[in-house]
Amino acid sequence: MTTVLRVPEELSARVPAEQRGPGLERDAVQLLVSRGTAVSHHAFAELPCLLRADDLLVVNTSATLAAAVDGRVGYARVVVHFSTRGDDGRWAVELREPDGNGTTRARAGTRAETAVRLPGGGRLVLEEPLSERGERLWWARASVDVRGVLKEHGRPIRYSYTERNQPLSVYQTVFALPSADGTGSAEMPSAARPFTARLVAELVRRGVQFAPVTLHTGVSSAEVHEPPYAERFAVPEASARLINNVRAGRERHAVPPREGGGRRAGGRVIAVGTTAVRAVESATGADGVVRAADGWTDLVVTPERGVRVVDGLLTGLHEPEASHLLMLEAVAGRAAVDRGYEEALRGRYLWHEFGDVHLVLPGEGPHTEHCDSNSR
């Protein structure tokens, strides 16, 4: 697996891009582009001229929840991170404790039958660990409707590298849609955060298509990088059809035309975020056909498993933990991932959900996109 790099603390994005100076918007971030081991540096606003008219962006429509709620276990203060709502009405939760700096740290000693008093008079009782991998996340049953508690008393989950609490709107992407049952993501699908309505309109004007999917992300571990747990996902029929059509069109265009003009490459399926990769790859059969699907996925995309439909990936820069790197390697290969991370560190790119982004595309010959860039 790729060598794990140490990210200097000063490269953590402490506030959203639009709060770093007057007149800035969400898209005021840097964009690192990898084509194989070739790397170029761009502003994110240049994305429309880096994509083709036939390209398809797969985007996650999950809305971010105000998933952190204060509570008490006996006389001790705790913070409950609500991760995932199960089919039986229970919630997967993590109990943490305040660290005195406005964020939280891991809490020791959590066990079955631990009772948490919630604001507003509700009660939460831990029943069993979510899996045999550890006792960080627990299935818990609440005496009240958790969705109402989150709406009235919740706040977005905040990690220690950020400067201050932010309103929930900061954690919603332009693609976020409220779900019918009131559930969503405990943590923002952050690769899509730099998109603005204006940028989306420009992409559409240039012929780039969008395929919405949903994957509700759970609470990641701030201390120990774990593989993702099972998460709820949905791939609509219309999106499956779009993806299959783009792939079929590329195969048709792979045959040289009869008269002049050279070979046309055709469109690419580019996932916006690792959550979009997990959703669409979970709905793809061994035959490479995407089918409408709705359920739970515990898929971990590895180089050995590979990707069946995703050609490229737009992803944030996060701590290079195992599962994230394995997915990047599956999409781009180890050499490209190593090169991209080295360039991101050398170029002083900012990390985490408010940081810069990385567009990983297939290695190709000369490309037709025209953007002013600093290629290296």
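As the structure is a prediction and not an experimental result, all values here were calculated from the model. (Residues numbered from 1 in each chain as written. Predicted model: local features only at pLDDT ≥ 70, side-chain atom pairs only at ≥ 80, totals over all residues. Heavy atoms only, no water.)

1. Details of the overall build of the chain
Thinking step 1. The secondary structure content of the chain amounts to seven helices and 17 strands.
Thinking step 2. Put simply, of all contacts in the chain between residues at least 6 apart along the chain, 71% involve residues at least 24 apart.
Thinking step 3. With the model as given, the accessible surface of the chain reaches about 16800 Å², and the carbon-plus-sulfur share is 50%. (Helix = DSSP H or I, 4+ residues; strand = E, 2+ residues; numbered from the N terminus. Contact = heavy atoms within 4.5 Å. Areas by Shrake-Rupley, 256 points an atom, 1.4 Å probe, with all protein chains shown as cover.)

2. Re the packing of aromatic side chains
Thinking step 1. Counted by the stated rule, this structure contains seven aromatic pairs.
Thinking step 2. The interplanar angle of 85 degrees and the centroid separation of 5.2 Å between the aromatic rings of Phe44 and Phe195 together place this pair among those described as edge-to-face. Note that Phe44 is positioned in the loop between β2 (38-43) and α1 (47-50) and Phe195 in the loop between α2 (146-153) and α3 (197-205), a separation of 151 residues in sequence. Each member of the pair Phe44 and Phe195 is classed as buried.
Thinking step 3. Ring centres of Phe175 and Phe210 lie 5.8 Å apart, and the angle between their planes is 40 degrees; this geometry places the pair in the tilted category. On the criterion of sequence distance, the pair formed by Phe175 in the loop between α2 and α3 and Phe210 in strand β11 (residues 209-215) is long-range, its members being 35 residues apart. Taken as a pair, Phe175 and Phe210 share a single burial class, namely buried.
Thinking step 4. Among the aromatic residues, those joined into a ring-pair cluster are Phe44, Phe175, Phe195 and Phe210. (Phe/Tyr/Trp six-rings, centres within 6.5 Å; stacked < 30°, edge-to-face > 60°. Buried < 20%, exposed > 50% of the residue type's maximum accessible area, 1.4 Å probe, protein only.)

3. Things to note about the pairing of strand β5 (residues 76-85)
Thinking step 1. Counted residue by residue, β5 has seven buried out of 10 residues, so it is predominantly covered.
Thinking step 2. One ladder, built from six bridges, connects strand β4 (residues 68-73) with β5; its direction is antiparallel. Residue pairing in the sheet places Asp70 in a bridge with Val79 of β5.
Thinking step 3. Across six bridges, the pairing between β5 and strand β6 (residues 91-98) is antiparallel. The partner of Phe82 across the bridge, within β6, is Val93.
Thinking step 4. Here β5 folds back onto β6, and the loop between the two strands holds five residues, one of which, Gly89, carries a positive phi near 90 degrees. (Pairing = 2+ DSSP bridges.)

4. Focus on the pattern of salt bridges
Thinking step 1. Considering all chains together, one arrives at 25 salt bridges under this definition.
Thinking step 2. In this structure, the salt-bridge partner of Glu202 is Arg205, at a minimum N-O distance of 2.8 Å. Of this pair, Glu202 and Arg205 both sit in helix α3, three residues apart, which is roughly one turn of the helix.
Thinking step 3. Judged by its relative accessible area of 23%, Glu202 is partly exposed.
Thinking step 4. Under the relative-accessibility criterion, Arg205 is labelled exposed at 61%.
Thinking step 5. Members of the salt-bridge network, linked through shared partners, are Asp88, Arg90, Glu127, Glu128 and Arg141. (Salt bridge = Lys/Arg side-chain N within 4 Å of Asp/Glu carboxyl O.)

5. Focus on helix α7 (residues 334-346)
Thinking step 1. Taking 1.5 Å of rise per residue, 13 residues should cover 18 Å, and α7 covers 18 Å from first to last C-alpha, within 8% of that figure.
Thinking step 2. Buried within α7 we find Ala336, Val337, Gly340, Tyr341, Glu343, Ala344 and Leu345.
Thinking step 3. Phi for Arg348, located one or two positions after α7, is positive at around 60 degrees. (Expected span 1.5 Å × (residues − 1).)

6. Some points on the environment of Arg90
Thinking step 1. Position of Arg90 among the secondary structure elements: in the loop between β5 and β6.
Thinking step 2. Other than its neighbours up to four places away in sequence, Arg90 contacts Thr84, Arg85, Glu127, Glu128, Trp139, Ala140 and Arg141.
Thinking step 3. A polar contact of 2.9 Å, which involves the side chain of Arg90, links it to the side chain of Glu127. (Polar contact = N/O pair within 3.5 Å; in protein donor to acceptor, adjacent residues only side chain to side chain.)

7. Side note on the nonpolar core
Thinking step 1. Core analysis: the largest hydrophobic core is formed by 40 residues, its most contacted members being Val58, Val235, Ile243, Val277, Val290, Leu328 and Trp351.
Thinking step 2. Within the residue set of this core, elements represented by two or more residues are β3 (56-60), β11, β12 (231-235), α4 (237-253), β13 (269-272), α5 (274-282), α6 (322-332) and α7.
Thinking step 3. Element by element, the count of residues in this core is highest for α6, at five residues. (Core = buried A, V, L, I, M, F, W, Y, C linked by side-chain atoms within 4.5 Å.)

8. Let's talk about α2
Thinking step 1. Regarding α2, the residues found buried are Val146, Val149 and Leu150. Seen end-on, α2 carries its buried residues on one side only, within an arc spanning 100 degrees. Exposed and facing more than 90 degrees away from the buried side of α2 are Lys151 and Glu152. (Arc of directions from axis to C-beta.)

9. Some words on unusual backbone geometry
Thinking step 1. One non-glycine residue, Glu113, lies in the positive phi region at around 75 degrees.
Thinking step 2. Along the chain, the position of Glu113 falls in the loop between β7 (104-106) and β8 (115-117).
Thinking step 3. Judged by its relative accessible area of 68%, Glu113 falls in the exposed class.
Thinking step 4. Even without being glycine, His352 reaches a positive phi, approximately 80 degrees.

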